[in-house]
Amino acid sequence: MGMMQTPAEVRAFARTHDMTTTAGHARGFMQANLLAVPQEYAFDFLLFAQRNPKPCPIVGVLEAGQYTSELLPGGDIRTDIPAYRVFENGEHTATLADATSYYTDDIVSFLIGCSFTFENALVENGISIAHIDQGRNVPMYRTSIPCAPAGVFSGPMVVSMRPIPASQVSDAVRITSRYPGVHGAPVHVGDPAAIGIEDLSQPDFGEAVDIPEVTIPVFW
């Protein structure tokens, strides 16, 4: 699949193919993550996101029973994402390519700005992205940075990591700061242990990447 396809083409491909990540696809367009919860928890999550805009920048909300919106015209939130991780009573119970069976008229869908959005701007400025170059999903880690709790929601901030050549870190900070709706500037540069990450080769989510020499880990 070509990297320059439209968002609708990427969604259609994800609907019908085994696709592990959208990193590098639909360049120049905003990407988002999905968090879908029963309506009784929707206000708590909205409050959690409002209190934690850095890790949870909401770019859209689909109301209970709504499966498409102007953010995904002609799309279906239940089928057009590469994979859905299902949690029940706090436990990860399934990973699905189609979440239709879990969606009821009681589910509210939050779209959270994704850092994949600003990767094209980094690449255009000569900053290579390791997980795209290596054909992997971005590595993500739980940190020791607490989020502000709200209602039933609490926990540590989760960050994504990209190894950036030392001479280009300041450029990466400057470029990504222009994208506050998709996490914006990094939350940390350098020593992973300073934010509670023990081993970069063991991400909590996504996939580990080979870290090129003379690069510094940068966390968004």
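Everything discussed here concerns the structure shown above.
Residues numbered from 1 in each chain as written. Predicted model: local features only at pLDDT ≥ 70, side-chain atom pairs only at ≥ 80, totals over all residues. Heavy atoms only, no water.

1. Thoughts on the sheet that holds strand β8 (residues 188-189)
Spatial ordering of the open sheet is given by β6-β7-β9-β8, a layout of four strands whose pairing is antiparallel. The sheet is open, and its two borders are formed by β6 (140-146) and β8, each paired with just one other strand. Two elements, β8 and strand β9 (residues 215-219), share two bridges in a ladder whose sense is antiparallel. Among the inter-strand pairings, Val 189 is bridged to a residue of β9, identified as Val 218. Sheet contacts for helix α5 (residues 169-176): β7 (156-165), β8 and β9; angle to β7, the most-contacted strand, approximately 130 degrees. (Pairing = 2+ DSSP bridges. Helix = DSSP H or I, 4+ residues; strand = E, 2+ residues; numbered from the N terminus. Contact = heavy atoms within 4.5 Å. Axes fitted to C-alpha atoms, helices over the stretch in contact; angles between N-to-C directions.)

2. A few points about the pattern of salt bridges
All chains considered together, the criterion is met by five salt bridges. A salt bridge links Asp 76 to Arg 78; the shortest N-O distance between them is 2.8 Å. By relative accessible area, which is 18% here, Asp 76 ends up buried. Between Asp 171 and Arg 174 there is a salt bridge, with the nearest N and O atoms lying 3.1 Å from each other. Placement of the pair is Asp 171 and Arg 174 together in helix α5, with a separation of three residues, close to one helical turn. Judged by relative accessible area, Asp 171 falls into the partly exposed class, the value being 29%. (Salt bridge = Lys/Arg side-chain N within 4 Å of Asp/Glu carboxyl O. Buried < 20%, exposed > 50% of the residue type's maximum accessible area, 1.4 Å probe, protein only.)

3. Some thoughts on the side chain of Thr 176
Relative to the helices and strands, Thr 176 is located in helix α5. Polar side-chain contacts of Thr 176 include one of 2.8 Å to the backbone oxygen of Ala 172. Looking at Thr 176, its side chain comes within polar contact range of the side chain of Trp 220, at 3.1 Å. Each residue touching Thr 176, except ones within four places of it in the same chain, is listed here: Phe 118, Leu 122, Gly 184, Ala 185, Pro 186 and Trp 220. (Polar contact = N/O pair within 3.5 Å; in protein donor to acceptor, adjacent residues only side chain to side chain.)

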